[in-house]
Amino acid sequence: MPIAAAVRELIVNMLGGLSYGKMLGNVASAFIIFLGVIAALNQMNIAVTVTTPILITVLAIVAGVVIVGAGGGLIKPMQARWESYLSKAEEEAPQIKEQAKNAPSVKDQAQQAKDKARRSLDSGNKEGAHRI
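What you are looking at is a predicted structure, and each value in this text was computed from that prediction instead of being measured.

About the thresholds
- All residue numbers refer to position in the chain's written sequence, counted from 1.
- Only residues with pLDDT of at least 70 are given local features in this predicted model, and only at 80 or more are side-chain atom pairs given and counted; all residues enter the totals for whole chains, interfaces and linings.
- Side-chain measures were taken over the full set of non-hydrogen atoms in the model, leaving aside hydrogen atoms and water.
- For helices the rule is a DSSP run of H or I covering at least 4 residues; for strands it is a run of E covering at least 2, with both sets numbered from the N terminus onward.
- Throughout, the radius of gyration refers to the C-alpha atoms, and the reference size of a globule is 2.2 Å times the residue count to the power 0.38.
- The buried label applies to any residue whose accessible area, calculated with a 1.4 Å probe on protein chains only, is under 20% of its type's maximum; exposed applies above 50%, and partly exposed to all values in between.
- When checking whether two residues touch, look at their non-hydrogen atoms; a contact exists if any pair is within 4.5 Å.
- Here, Shrake-Rupley sampling with a 1.4 Å probe gives the accessible areas, and only protein chains in the shown set may cover a residue.
- For the purpose of charge, His is not counted, nor are the chain termini; Lys and Arg are scored as positive and Asp and Glu as negative.
- Where a charge lies is defined by one atom per residue type: Lys uses NZ, Arg uses CZ, Asp uses CG and Glu uses CD.
- Note on aromatic pairs: the rings of Phe, Tyr and Trp (six-membered ring only in Trp) are paired at centre separations within 6.5 Å, and the planes decide the class, stacked below 30 degrees, edge-to-face beyond 60, tilted for the rest.

Student: I'd like a rundown of the overall build of the chain, residues and numbers included.
Tutor: In terms of helices and strands, the chain carries five helices and zero strands. In sequence order, the chain lays out its α and β elements as α-α-α-α-α. The globule rule puts the C-alpha radius of gyration for 132 residues at 14 Å, and the 20 Å found for the chain is more than 25% above it. Oriented by its inertia axes, the alpha-carbon framework of the chain measures out at about 65 × 45 × 20 Å. Relative to its 132 residues, the chain shows a buried fraction of 12%. At a minimum sequence separation of 6, the contacts of the chain that also span at least 24 residues come to 49%. When the accessible surface of the chain is totalled, it reaches about 10,000 Å², and 66% of it is carbon and sulfur. One way to put it: in the chain the 14 positive side-chain charges average out to a point 5 Å from where the 10 negative ones average out.

Printed below as a string of structure tokens:
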């Protein structure tokens, strides 16, 4: 799952200095892997009758939690939480901006990934395995 790993690394590189940067990268990576597995199984027509309802259920749960939690019966507690989240975001905005500014560019990260892949291929070729 190179896309999930790339997204995780991008988020961790950009927000790694924050307390929740690594966790956010892991959650995004896991969600992308989940969607990729479901899409791959559906593309190959494997267990479509199982995977499609699972996907719909997970998306409905996420939407339901957001709808009920943010706009439904928990209006007063959620209002206090949102105020807390927004004030925390205002406090951390300069740190997030600084982390994003100091993070390597996407081009640099792609070059690093390319170099890493090339080194791993070269180390594999030393043992006699040749790749085309």
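Student: Can you break down the side chain of Gln109 residue by residue, with the values?
Tutor: Here Gln109 shows up in helix α5 (residues 106-125). Residue contacts for Gln109: discarding those within four places in its chain leaves Glu9, Leu10, Asn13 and Pro104.

Student: How would you sum up the side chain of Ser29? Please name residues and give values.
Tutor: Within the secondary structure, Ser29 is located in helix α2 (residues 21-43). Its relative accessible area of 9% is what places Ser29 among the buried residues. Once residues lying within four places of it in the same chain are set aside, the contact partners of Ser29 are Ala4, Ala5 and Arg8.

Student: Pulling in residues and values, what's your account of the packing of aromatic side chains?
Tutor: Overall, the coordinates contain one aromatic pair when judged by the stated rule. When the ring of Trp82 is compared with that of Tyr85, the centres are 5.8 Å apart and the planes differ by 85 degrees; the resulting orientation is edge-to-face. Of the two residues, Trp82 and Tyr85 are both situated in helix α4 (residues 75-102); the distance of three residues between them amounts to about one turn of the helix. Here Trp82 falls in the partly exposed class, since its relative accessible area comes to 43%. Since its relative accessible area comes to 45%, Tyr85 is described here as partly exposed.

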